[in-house]
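Take a look at the letters that make up each chain.
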Amino acid sequence: MSRGAAVDYDALFRRLYPSLFRYLHRLTGEADAADDIAQESFVRLLGRDMPEDEARLWLFTVATNLFRDGARTRKRRERLLQVRPWTPAALPRPDEAAERAATVKAVRGALGTLAERDRQMLLMREEGFRYDEIAKVVGVAPGSVGTLLARAARRFVAAWDNGGDDGEQALG
Amino acid sequence: MNRHLAEGTLQALLDGELPPGERPAAEAHLAGCGECAAAARELRAVNERAAAILAGGDVAAPVAQAQMSLRARRARQRQGHWGDARKALLRAAVLVLALAGVAAAAVPGSPVRDWLVQTVLPARKATLAPDARRAPAPPPRQADAPAAPTGISIRPDGGAVRVVLTRANPRLQVTARLVDGDRAGVLARGRAMSARFRTAPGRIEVVDAGAGEIEVEIPRAARSATVEVNGRVSVAKDGDSLRVLAPAGAPGEGPAVRVGG
């Protein structure tokens, strides 16, 4: 995706969507929500002409903002809904799906123990962003990224080992 | 370099992010300092565990499905742009014609002015005359076309589907039916279109459905499925059919729940 050349959005989508989806799924814990936010981010990218690296960082920034906005709405809605916990006894689920759901919930629980900035830094690093890109998005000095990442990784692993917060936290 | 390396420096070294000017000195220190080398190994292990834990909850990205959906959105967007342009052109044309008409009517002796004097003004006088009180009957009003239903669909999660209706209006009519295909869906018609929808894996929540109709579609292939209405499990999939378990409320007091063909 170079400046001035016709943008092949389909090819760009195929290259960038999996990484953006993975990042958002880790943030939201919900495949549908991750897909919705990723698609909305791509829709907003249409018509913009920027190099692929820049587009990738732009997409992640927009997606993170959409997630934050959605998280605020979701929290309000969940208060209204008074969603009851899932009751496996009432509706048996296959073991595999239940195990995966529990893992996703536990990962979200452990991520929920981190500050929003640290969580975002950790997840962006996992998607291969450079320190200067991470620093730009979360608003810290590039020189402090290493320290913050090391702390975030330690806290995340420790939270996982301690069973997270023993439940899912509302992120965002 | 006698001082031990800071954790942030070790992390940057492991991530290949240490500035080129600092890297040789840091690597030389690491080679000669057992304590820092051990700290680097331990930090690497922490990073690898964090990556493994995160990956443990990952699911495959639905690339093809998302791409189709995005293409459809782009097509709708393009149609919307053309539609907007056409409407703007039409508005401009109408405005030009109207201005031209007004200008022509203002010119004495113009054909437009003559036409107005000969046809429109006499007709207006006739309408105002006492013997012309019987105005022609207005054309019969066309019944409002029913609005398209709103709805949402999901794929079952591990073969299970759960549809939860909360704060449903007592006069709501709920019909559940089995369908071919692999998606479960909820359609709201009439006043039930006031409902808000929310999805989670294998779950659709419908809140504040008004006194209209809700249709719940359950894939025939689903392993299990339930429809809950105002806190009660009202319909459940039993083998190859759906069964009404309990009415949502006392007769006449709760939404009517039935199983459709």
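Please refer to the structure higher up on the page.
A brief report on the enclosed structure follows. Predicted model only: the values in this text are computed from it and were never measured.

Conventions adopted
- Residues numbered from 1 in each chain as written.
- Chains lettered and ligands numbered in written order.
- Predicted model: local features only at pLDDT ≥ 70, side-chain atom pairs only at ≥ 80, totals over all residues.
- Heavy atoms only, no water.
- Helix = DSSP H or I, 4+ residues; strand = E, 2+ residues; numbered from the N terminus.
- Contact = heavy atoms within 4.5 Å.
- Areas by Shrake-Rupley, 256 points an atom, 1.4 Å probe, with all protein chains shown as cover.
- Buried < 20%, exposed > 50% of the residue type's maximum accessible area, 1.4 Å probe, protein only.
- Salt bridge = Lys/Arg side-chain N within 4 Å of Asp/Glu carboxyl O.
- Polar contact = N/O pair within 3.5 Å; in protein donor to acceptor, adjacent residues only side chain to side chain.
- Phe/Tyr/Trp six-rings, centres within 6.5 Å; stacked < 30°, edge-to-face > 60°.
- Lys NZ or Arg CZ within 6 Å of the ring centre and 35° of its normal.
- Pairing = 2+ DSSP bridges.
- Axes fitted to C-alpha atoms, helices over the stretch in contact; angles between N-to-C directions.
- Parallel < 35°, antiparallel > 145°, perpendicular 65-115°, else oblique.
- Nonpolar A, V, L, I, M, F, W, Y, C, P; charged D, E, K, R; others polar.
- Core = buried A, V, L, I, M, F, W, Y, C linked by side-chain atoms within 4.5 Å.

The next subject is the overall build of chain B. What chain B contains, in helices and strands, is five helices and 11 strands. Here the analysis covers contacts within chain B between residues at least 6 apart in sequence; of these, 65% occur between residues at least 24 apart. Accessible surface for chain B amounts to roughly 16000 Å². Of this, 58% is attributable to carbon and sulfur atoms.

Before going further, it helps to examine the overall build of chain A. Tallying secondary structure elements over chain A gives seven helices and zero strands in all. Relative to its full complement of 172 residues, chain A shows a buried share of 47%. If you take every contact in chain A between residues at least 6 apart in sequence, the share linking residues at least 24 apart comes to 69%. Total accessible area computed for chain A in this model is approximately 8100 Å², and 48% of it derives from carbon and sulfur atoms.

Next up on the list: the interface of chain A and chain B. Taken together, the contact pairs 53 residues of chain A with 52 residues of chain B. Counting across the interface, chain A meets chain B through six salt bridges. Here Arg71 of chain B and Asp10 of chain A are joined by a salt bridge, their closest N and O atoms 3.3 Å apart. At the surface where chain A touches chain B, the tally comes to 12 residue pairs in polar contact (both at pLDDT 80 or more).

Mapping Thr28 of chain A onto the fold places it in helix H1 (residues 9–28). Beyond its immediate sequence surroundings of up to four residues, Thr28 of chain A is in contact with Ala33, Ala34, Ile37, Phe67 and Arg108 of chain A.

The geometry of two aromatic rings is summed up by the distance between their centres and the angle between their planes. Residues and elements named next belong to chain A. Going through the model one piece at a time under the given rule, you end up with five aromatic pairs over all chains. An angle of 20° between the planes, with centres 4.7 Å apart, marks the rings of Phe13 and Tyr17 as stacked. With Phe13 and Tyr17 both in helix H1 and four residues apart, the pair spans about one turn of that helix. The buried category is assigned to Phe13, whose relative accessible area is 1%. Aromatic rings pair up to connect Phe13, Tyr17, Phe21 and Phe42 into one cluster. A cation over an aromatic ring shows up here: Arg56 above the ring of Phe129, its NZ or CZ 4.1 Å from the ring centre.

Quick look at unusual backbone geometry now. All names here are of chain B. A positive phi angle, near 60°, is found at Asp208, a position not held by glycine. Checked against the element boundaries, Asp208 lands in the loop between strand S6 (203–207) and strand S7 (213–219). Asp208 gets classed as partly exposed once you look at its relative accessible area, which sits at 27%. The phi angle at Asn230 is positive, at roughly 50°, despite the residue not being glycine. Tracing the chain through its elements places Asn230 in the loop between strand S8 (224–229) and strand S9 (232–238).

Residues and elements named next belong to chain B. Taken in spatial order, the five strands of this open sheet run S1-S4-S7-S3-S11, and their pairing is mixed. A strand with exactly one partner marks an edge of an open sheet, and here the two such strands are strand S1 (150–154) and strand S11 (256–259). Looking at each pair of strands side by side, their axes are set apart by 15° on average, direction ignored. Where strand S4 (residues 184–189) and S7 come together, five bridges link them in antiparallel fashion. Paired with Leu187 across the two strands is Glu215, which belongs to S7.

Further remarks concern the pattern of salt bridges. One pass over the structure, following the stated rule, counts 27 salt bridges over all chains. For Arg130 of chain A, the salt bridge is made with Glu133 of chain A, and the minimal N-O distance between the two is 3.6 Å. Residue class for Arg130 of chain A comes out partly exposed when judged on its relative accessible area of 38%. One continuous salt-bridge network, built from bridges that share partners, spans Arg22, Arg26 and Glu127 of chain A together with Asp58 of chain B.

What follows covers helix H1 (residues 7–14) of chain B. Residues of H1 of chain B that are buried include every one of Gly8, Leu10, Gln11, Ala12 and Leu13 of chain B, and no others. On its buried side, H1 of chain B packs onto helix H5 (116–126), helix H6 (131–138) and helix H7 (145–161) of chain A together with helix H2 (23–32) and helix H3 (34–56) of chain B. Trailing H1 of chain B by a residue or two, Gly16 of chain B shows a phi angle of about 70°, which is positive.

This paragraph deals with the packing of H6 of chain A against H7 of chain A. Residue and element names in this part refer to chain A. One way to put it is that H6 packs onto H7 with a least axis distance of 10 Å and a crossing angle of 80°. Classed by the angle they form, the pair H6 and H7 counts as roughly perpendicular. For the pair H6 and H7, contact is made by Tyr131, Ile134 and Ala135 and by Val145, Gly146 and Leu149, respectively. Broken down by class, the residue content of the contact of H6 with H7 amounts to five nonpolar, one polar and no charged.

Residues and elements named next belong to chain B. For the pair H2 and H3, the least separation of the axes is 5 Å and the interaxial angle reads 105°. Considered as vectors, H2 and H3 are oriented roughly perpendicular to each other. Side by side, H2 and H3 meet where His29, Leu30 and Gly32 of the first sit next to Gly34, Cys36, Ala37 and Ala40 of the second.

Let's shift gears to the environment of Arg177 of chain B. Residue and element names in this part refer to chain B. With respect to the helices and strands, Arg177 occurs in strand S3 (residues 173–179). Judged by its relative accessible area of 21%, Arg177 falls in the partly exposed class. Spatially, the C-alpha atom of Arg177 lies 9.8 Å from that of Lys237, the residues being 60 residues apart in sequence. Those residues within four positions of Arg177 in sequence are excluded, and the remaining contacts are Glu215, Val216, Glu217, Ile218, Leu242, Gly260 and Gly261.

Moving on: the nonpolar core. Leu20, Leu24, Phe42 and Phe156 of chain A are the most contacted members of the largest nonpolar core, which has 64 residues in total. Ignoring sequence-local partners within four residues, the contact set of Leu24 of chain A consists of Gly29, Ala34, Ile37, Ala38 and Ala63 of chain A. Core analysis: the next-biggest nonpolar cluster, separate from the first, contains 28 residues, Ile154, Ala176, Ile204 and Ile214 of chain B among them.

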